[in-house]
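Spelled out, the chains give:
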Amino acid sequence: IFKNIVGMAPWNYVLECRIRYAAEQIATTPKRISDIAFEAGFNDKFYFSRKFRERFQKSPSEHRRLFGNS
C-alpha cells in the first residue's frame, strides 16, 4: 500500500529522507560530513558516501564545495 501511494518502498523512502537531510546540512552548516552522516542515521560513512553519490551524482565533499560551507 505504501509503495502504491508514495511511489517507493518504505526503506527507500526513509533512505531518501536521510540523504536529503544530510545534503541540506552539508550545504548549510560547517559540521563535519561524518557527523552529519551519523546524525542522518548512517552508521557507516562509506555507505553514506556511496548512497549520497548515487542520489546526487557527486560526493558529499563536492556537494559542500558547490553549495555550502567549504
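Residues numbered from 1 in each chain as written. Predicted model: local features only at pLDDT ≥ 70, side-chain atom pairs only at ≥ 80, totals over all residues. Heavy atoms only, no water.

**Q** Account for the side chain of Gln25, with residues named and values stated.
**A** Inspection of the secondary structure assignment puts Gln25 in helix α2 (residues 10-28). On the accessibility criterion, Gln25 (11% relative accessible area) is buried. If we skip the residues at most four places from it in the chain, Gln25 touches Lys31, Ile36 and Arg64. (Helix = DSSP H or I, 4+ residues; strand = E, 2+ residues; numbered from the N terminus. Buried < 20%, exposed > 50% of the residue type's maximum accessible area, 1.4 Å probe, protein only. Contact = heavy atoms within 4.5 Å.)

**Q** Give a description of the nonpolar core that names residues and reports values.
**A** Counting residues in hydrophobic clusters, the biggest one holds 13 residues, and the most contacted among them are Ile19, Ala22, Ile26, Phe42, Phe48, Phe52 and Phe56. Among the elements of the structure, α2, α3 (33-39) and α4 (45-56) are those that each provide at least two residues to this core. The leading source of residues in this core is α2, at five residues. Not counting the four nearest positions on each side in its chain, Phe48 is found in contact with Ile19, Ala22, Ile26, Ile33, Ala37, Phe42 and Pro60. (Core = buried A, V, L, I, M, F, W, Y, C linked by side-chain atoms within 4.5 Å.)

Keep in mind these values describe shape, not function.
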